Structure formats: C-alpha cells, structure tokens
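Structural characterization, general
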Amino acid sequence: MREILKAKADGLSEPLDKFSRKIADCNISGSCGKELGGLILNEMKDLGFDKLTEDKAGNLIGVIKGYKNKGALVLVSHLDIPSQGEQKAEDYLKSGIVKFKAGVISGLYAGALMKRSLLPLTGDLIVCCVPRTECCDYGIRYLFGNYLKTKLKKIHGVVLCEPTGFNVCLGHKGRIEYEIIVKGRLNRNFVENRGMNMLGTMFPLISELEKLSKRLPSDSSLGYSNLRIKDVRYSGYQPEDKVNEFRVVVDRVLIPEESLSGILDKAKSIAKNVYKGEPDVVINTALAREKVKTDSGLELASEKEFKPWTMESHHPLALESLKSLTENGFKSSFGYWKKITTEGSYTYAQLRIPTIGFGAGLEEMIDSGMETLGIDKLEKAVYGLGLIIQRNIGVPTFGWSSDEI
C-alpha cells in the first residue's frame, strides 16, 4: 500500500505544479472568487472526481465515492475573501489565494491520489474548499448546515488541510471581534471642545484595555491569550445636550478556559468603571457581525467568532492518523496551532465532529504565502493525506501487492 501511494503521488508532480501556477496566475479582476472557483472545479473534474458541486455560499465540493457507505471523511481547505469595502481586489491574490493555496492543492490532489491508486474506500471522501472573511467562517457553517446536513451522522472525521509542518494538529486558540459601545451625554469637562478631541474621551477606556491585555491567561499547550484594539469609531462631537456615541472595536484571542460571556462582561465592567462619573452614559458590549453577499447573490450574516478547541490525542482519528504517518516514514507528532484559526472552531468546537489538521509548511510562514514551499513538500503533503485517508476509511490492504490492485 505504501509503495502504491508513493508511486502515484510522485506521478502527480507535473499536474500539481501546473495547477499551482494556474492559481498564482488567476485573473482576479471583477468578482474575486468567481474565476478561482471555476478553476478549482475544473481541476477536480480533470482529476476524476465522481461528483462536483458549488453551493450558494461559494463552497466548492468534490466527492470520491467509496464502495460502501460506512462513514465519510471530509477534507477542508479554505480561502480568505476580503471583506466588502475593506480590501481592494488586487490585494486578494496575495492575501487570499497564495496565502492558503498549499492547503487547496494538497486537498484536491489527495482526492486524485485515492482515485488513481484504486484503493477501495469504505466511505466517501469529500474534498471541500470553503470561503471565509476575516474572523467570519460563513462558508463552513453553510456547508454543514446544507450540503452535509443529512450526512452528519455518517461523517467519520474532518481533516483540515492547513500548515502543520507534517505534524497532526489537534486544536488552537479562539478569536473573536467585539465592540464596546459608549452612548450618552458627556460632561463638558470630560469632552473638551469638539472634533478630534473626542479621541480624548476614548483614551481612558483604551488605556484600561491595554492594561488588561498584559494580564490575560495562558494555556500550557496553546500559549497566551491576547487583546488588540482594532478600530475606534465615533459619531463626531455633539453639543452637551445631544447624545454622543463611540465604539471601540477589539480583536481578542482566547483560550478554551475563557468564555465569550465572561469576556464581554469584563469589557463592560471596565468601561462602566472608566465612565462612572457620567450618569447619563449607557454602555453595552456585543459580538461583531458581518454581512456577506456571495457571487450567487446569497446574503449571509455571521458573527465574528472562531471558538477555541482541542481534541484529545487518544481519539481514534488522531491516533490512527499519527500511526499511519510514523509507520510510513514521517517524523510526525501531535501539536497545536499557536497563531492561525481554522474551521475546526466549527466542526469540532460546535458540531463535535472529530477533527485533526495536517499539511505542509509552518504557520509562522503563512503570511509569506506558499512560494517558499517546493513541489516536493506539496507532494509529501498529498502522500501524507493519502496515508491518513487510507488508514481511516480505507479497506485494509495487508498482503496486497501492486499487481493485485
């Protein structure tokens, strides 16, 4: 089995290289994801996927049919789509395509590897490329809420095609974006004159939040939580008898022991203490939301939240995947992402579907894109995914030779 997978993976080198170049050269004028989606679906078709689908949210889905229906394995890669009005289309190639194309390529070609190897699978292999915006995973939510909704009980597990350095990752910190809204009449002694001096009204709150950022908890496996002021918005100075409003937008990274309600309550408490001398001020906190309009015209609203998650290392999906890798020449171990967030925040933290991550590259290098990854590393990622797939939903091949397949 090892020899079959390795030989077929080596044989995919040339088309893999060509597809990588096609993505890099993709024309992104007009709709950012439309041409790329067509490119990925055409590649799936050329690679022999049994079924192809693009749903209304822009999820791209290819299926390699198993000969039984015992349990499907889902491979997930993603592309970051710029938020409306926040990023120009010409920046999309750098941040959305190149940045994560290693995962897209390895997922697609892992499906091709299983198809060309002719190794029978006990369940379907479902390869998905999902769109998302910053801190908003609308694609994966729509995928599991619609296309995969009837298949949830038959899903054996999810493999996230993300950078892991060929290790098996079992979780990461969470990330949320929330707002502190301060609204009311402010005393003239607190707000000096008008215009930009309104920033002086916000500074005490920002200062207290920065102090809080130095006292956040940590996790022995995942590292420290952190807090960053992302934006400050205000309605402009109003006379003393009018209502003023400003919002502090906070980007917050959290560990599993922290809760969303606890974070929002703490932020509200800090703001109330800062403005306790202002009796007419009302303070609220809320998780930020984003509205997304897809190329198909579908309008989706999603909260800006990636939940933290960790899966136990003794789970069969994790244990068998690691065994398969190490038995076949990989120097792999269990680990956790320290910087990036993944769709595991939904598949495991919310749906409780067993989820692991595997791929080429290191998360520390993600901002430089995958140009530092040679084709040899992408081939290795495809081969490793093939081993994981075969171990979890493949028919045991002990004693089989390549002549018998």
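Residues numbered from 1 in each chain as written. Predicted model: local features only at pLDDT ≥ 70, side-chain atom pairs only at ≥ 80, totals over all residues. Heavy atoms only, no water.

What follows deals with the overall build of the protein chain. On a plain count of helices and strands, the protein chain comes out with 11 helices and 19 strands. Each of the 405 residues in the protein chain was classed as buried or not, and the buried ones make up 53%. Within the protein chain, contacts between residues at least 6 apart in sequence are counted, and of these 79% link residues at least 24 apart. For the protein chain, the accessible area works out to roughly 18,500 Å², and carbon and sulfur atoms hold 48% of it. (Helix = DSSP H or I, 4+ residues; strand = E, 2+ residues; numbered from the N terminus. Buried < 20%, exposed > 50% of the residue type's maximum accessible area, 1.4 Å probe, protein only. Contact = heavy atoms within 4.5 Å. Areas by Shrake-Rupley, 256 points an atom, 1.4 Å probe, with all protein chains shown as cover.)

Burial along strand β14 (residues 289-293) is one-sided: the residues E290 and V292 are buried and none of R289, K291 and K293 is. Bridge count between β14 and strand β15 (residues 299-303): five bridges; the pairing is antiparallel. The partner of R289 across the bridge, within β15, is E303. Connecting the antiparallel pair β14 and β15 is a turn made up of five residues, with G297 showing a positive phi of about 95°. (Pairing = 2+ DSSP bridges.)

Considering the arrangement of structural elements, one finds T133 in the loop between β4 (125-132) and α6 (138-145). By relative accessible area, which is 2% here, T133 ends up buried. A distance of 2.9 Å separates the side chain of T133 from the side chain of E290, its partner in a polar contact. (Polar contact = N/O pair within 3.5 Å; in protein donor to acceptor, adjacent residues only side chain to side chain.)

To continue, consider the nonpolar core. Within the largest apolar cluster, 82 residues are counted, with the highest numbers of intra-cluster contacts made by I40 and Y109. Y109 has contacts with L12, P15, L16, F19, E43, L47 and V382, leaving out every residue within four places of it along the chain. (Core = buried A, V, L, I, M, F, W, Y, C linked by side-chain atoms within 4.5 Å.)

So, about the packing of helix α2 (residues 13-24) against helix α3 (residues 34-46). Between α2 and α3, the shortest axis-to-axis distance is 11 Å and the interhelical angle comes to 170°. Overall, the two elements α2 and α3 adopt an arrangement that is roughly antiparallel. Residues P15, F19, K22 and I23 of α2 touch α3, and the partners they reach there are L36, L39, I40 and E43. Across the contact of α2 with α3, the residue classes break down as six nonpolar, no polar and two charged. (Axes fitted to C-alpha atoms, helices over the stretch in contact; angles between N-to-C directions. Parallel < 35°, antiparallel > 145°, perpendicular 65-115°, else oblique. Nonpolar A, V, L, I, M, F, W, Y, C, P; charged D, E, K, R; others polar.)

Throughout the structure, instances matching the rule amount to nine aromatic pairs. Where F166 meets F358, the ring centres are 6.0 Å apart and the plane angle is 45°; that geometry is what we call tilted. Note that F166 is positioned in the loop between β5 (155-160) and β6 (168-169) and F358 in the loop between β19 (355-357) and α11 (375-393), a separation of 192 residues in sequence. Under the relative-accessibility criterion, F166 is labelled buried at 12%. Among the aromatic residues, ring-to-ring pairing joins F166, F330, F358 and Y383 into one connected group. Above the face of the Y147 ring, K151 is positioned so that its terminal group lies 4.7 Å from the ring centre. (Phe/Tyr/Trp six-rings, centres within 6.5 Å; stacked < 30°, edge-to-face > 60°. Lys NZ or Arg CZ within 6 Å of the ring centre and 35° of its normal.)

Here we come to the environment of G386. One can find G386 in helix α11. Judged by relative accessible area, which is 0%, G386 ranks as buried. Sequence-wise, G386 and A110 are 276 residues apart; in three dimensions their C-alpha atoms are separated by 5.7 Å. In this structure G386 touches L5, L113 and M114, once residues within four positions along its chain are discounted.

On inspection of all chains with the given rule, the structure shows 23 salt bridges. Ionic pairing is found between D124 and K65, a salt bridge with its closest N-O pair at 3.4 Å. Of this pair, D124 sits in the loop between α5 (101-117) and β4 while K65 is found in the loop between β2 (60-64) and β3 (72-80), placing the two residues 59 residues apart along the sequence. Residue D124 is classed as buried on the basis of its relative accessible area, which comes to 12%. The shortest N-O distance in the salt bridge between R132 and E343 comes to 3.1 Å. Of the two residues, R132 is situated in strand β4 and E343 in the loop between β18 (334-335) and α10 (344-347); the sequence distance between them amounts to 211 residues. Several salt bridges share partner residues, and in doing so they unite E179, K183, D231, R233, E245 and R247 into one network. (Salt bridge = Lys/Arg side-chain N within 4 Å of Asp/Glu carboxyl O.)

This is a description of form; function is not addressed.
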